[in-house]
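Below are the chains, spelled out letter by letter.
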Amino acid sequence: MTTVIKNGTIVTADLTYKADVLIDQGKIIEIGANLKGDRTLDATGAYVMPGGIDPHTHLEMPFMGTYSADDFESGTRAALAGGTTMVVDFVLPGQGQGLMDAAQMWHNKSTRANCDYSYHMAITWWGQKVWEDMEASVKAGMTSFKHFMAYKGALMVNDDEMYQSFKRVGDLGGLAMVHAENGDVVAELTAKLLAEGNVGPEAHAYSRPPQVEGEATNRAIMIADMAGVPLYVVHTSCEDAHEAIRRARLAGKRVWGEPLIQHLTLDESEYQNPDWDHAARRVMSPPFRNKLHQDSLWAGLQSGSLSVVATDHCAFTTEQKRYGVGNFSKIPNGTGGLEDRMPMLWTYGVATGRLTPNEFVAVTSTNIAKILNCYPQKGAVLVGADADLVVWDPEKSKTIGAANQQSAIDYNVFEGKTVKGLPRYTLSRGVVSVDDGEIKTREGHGKFIAREARPAVNRALSAWKDLTAPRPVARSGVPVTGV
Ligand code: URP
Ligand code: ZN
Ligand code: ZN
Ligand code: ZN
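- The protein chain goes by Dihydropyrimidinase in an unreviewed UniProt entry, where it is assigned to Cypionkella sinensis.
- Of the comments in the UniProt record for the protein chain, the one headed Sequence similarities (unreviewed entry) reads "Belongs to the metallo-dependent hydrolases superfamily. Hydantoinase/dihydropyrimidinase family."

Structure, rendered in structure tokens:
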């Protein structure tokens, strides 16, 4: 059975034009005028765009003594409801656990996914076994490797380990990723704040000032450069980190920055709310920042120094957040946003004139697919691409609230915000998952997307590194003396 999307305007990262899209067996098979299919979806007055890709989620993640509350079923349902058709989650090996054993655990959890997904591999400890397993990870399609420079005593890796790991990633043709915060300084500041009686959720923000992020971002960039590997900085939240990324890119380094929709639209005043729950629900790392930092992030998206918008969706219930009553450092870190990223970015980005619709597609989908090397299977409206599409109605509006969301948690950090611009239809490999606003997701429909190593940027980087590698000078006429 074929499906045709009719009367819409196709919006991609670089083109805007009127055409119909014909879909068969999960793929786009034709784009053109007056197409016919067994089933018709009407896109009059709407934009037909590549479905969103969220490059940063934590579904059912073991963290800070609990598990994030959205699993692969509710998380991907939330994603599709908001126009996102693929998520990239993080495999987090336990201390001493092999990477492929951990990957198997994630594969077991994701069997219920409603949309396609891929994985980054996290390097949470270091040793010969990890070094060996990294090759197996690449062969199994997990080619990007995340390093936590924070969460001391838990997920954090030190610089020597990070350098060795980055070199390995470079040799394997993969992508190095960092959570960039100076974990040593955060630990010092946390201890001091608690000792002084600063125990509330606002102190979480005090313990992670922009400097800890700026310093770590710069350090990761320099280590990646020395190791010869491209670098992706997750959840870039402030000018200090953005400045380091901007400078690196101007110097020709292959570095990408990922602001979150939360940091773009919510600020640090949330932590001053007199309601403990309100503030604690917004505790995440890095914390929300002030308007100057937010303006910097928007400018980065506009100028291209920042490349993608993610959510870092890691949702905890109010009950879970309350583990940290009396000690902010025990509040599980993380916020949700999967359902809201696209409508919030459209409302606060496109409708305000900060972003064009084409830039919106680039930062929510196409750039991500290119950086993570799954383009044009994903992130494209092209013949042969997966039919992961969103028919976006710029006139449809709603007020965000926990009462009508797909996420399993009992609140929403964007509660009360009115968004204009929502999916009329969301298609996951041709399956209509949002049908005129109605949720019709299929549990288990999602498939794992393996990604190949050595995309063009890695090949370019290694060609340049080979060309400029230290070599002994071949000399003639060596003076023979002293004989
Ligand atoms: O606070 C956050 N960001 N929680 C999720 C884990 C991480 O650091 O990405
Ligand atoms: Zn992180
Ligand atoms: Zn994260
Ligand atoms: Zn299916």
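**Description of the overall build of the protein chain**
Part 1: Counting its secondary structure elements, the protein chain contains 15 helices and 20 strands.
Part 2: A compact globule built from 483 residues should have a C-alpha radius of gyration of about 23 Å, and the protein chain, at 23 Å, falls within 12% of that.
Part 3: Taken along its principal axes, the extent of the C-alpha atoms in the protein chain is 90 × 65 × 40 Å.
Part 4: The burial tally for the protein chain puts 56% of its 483 residues in the buried class.
Part 5: The contacts in the protein chain between residues at least 6 apart in sequence include a share of 77% that link residues at least 24 apart.

**A short note on the UniProt feature "domain: Amidohydrolase-related" (unreviewed entry) in the protein chain**
Part 1: Within this numbering scheme, the UniProt entry marks residues 47-419 as carrying the feature "domain: Amidohydrolase-related" (unreviewed entry).
Part 2: As a span, residues 47-419 carries 40% helix and 16% strand, and end to end its C-alpha atoms are 17 Å apart.

**Considerations on the sheet that holds strand β4 (residues 20-24)**
Paired through their backbone hydrogen bonds, the strands of a sheet run either parallel or antiparallel.
Part 1: Spatial strand order, β5-β4-β1-β6: four strands in an open sheet with mixed pairing. The strands lining the two open edges of the sheet, one partner per strand, are β5 (27-32) and β6 (39-42). Each strand axis lies, on average, 20 degrees off the axis of its neighbour in the sheet, ignoring direction.
Part 2: Pairing between β4 and β5: five bridges, direction antiparallel.

**Quick look at unusual backbone geometry**
Part 1: A cis amide bond, omega -10 degrees, links S285 with the succeeding residue P286.
Part 2: Between Y375 and the following residue, P376, the backbone shows a cis peptide bond with an omega angle of 5 degrees.
Part 3: Despite not being glycine, Y151 has its phi angle at roughly 65 degrees, a positive value.
Part 4: Within the secondary structure, Y151 sits in the loop between β13 (144-148) and α4 (159-172).
Part 5: Its 19 C-beta neighbours within 10 Å are what place Y151 among the partly exposed residues.
Part 6: At D436, a position not held by glycine, the phi torsion is positive, near 55 degrees.
Part 7: Here D436 lies in the loop between β19 (431-435) and β20 (438-439).

**Considerations on the environment of V212**
Part 1: Position of V212 among the secondary structure elements: in helix α7 (residues 210-227).
Part 2: Among the residues examined, V212 registers 25 C-beta atoms within 10 Å and is labelled buried.
Part 3: Expressed as a C-alpha distance, the spacing of V212 and V229, which sit 17 residues apart in the sequence, is 23 Å.
Part 4: Among all residues touching V212, those that are not within four sequence positions of it are E181, N182, V185 and V186.

Criteria and cut-off values
- Residues numbered from 1 in each chain as written.
- Chains lettered and ligands numbered in written order.
- Predicted model: local features only at pLDDT ≥ 70, side-chain atom pairs only at ≥ 80, totals over all residues.
- UniProt positions renumbered as here; feature names shortened; annotations may be inferred.
- Helix = DSSP H or I, 4+ residues; strand = E, 2+ residues; numbered from the N terminus.
- Rg over C-alpha atoms; globule rule 2.2 N^0.38 Å.
- Buried ≥ 20, exposed ≤ 12 C-beta atoms within 10 Å, placed from the backbone.
- Contact = placed C-beta atoms within 7 Å.
- Pairing = 2+ DSSP bridges.
- Axes fitted to C-alpha atoms, helices over the stretch in contact; angles between N-to-C directions.

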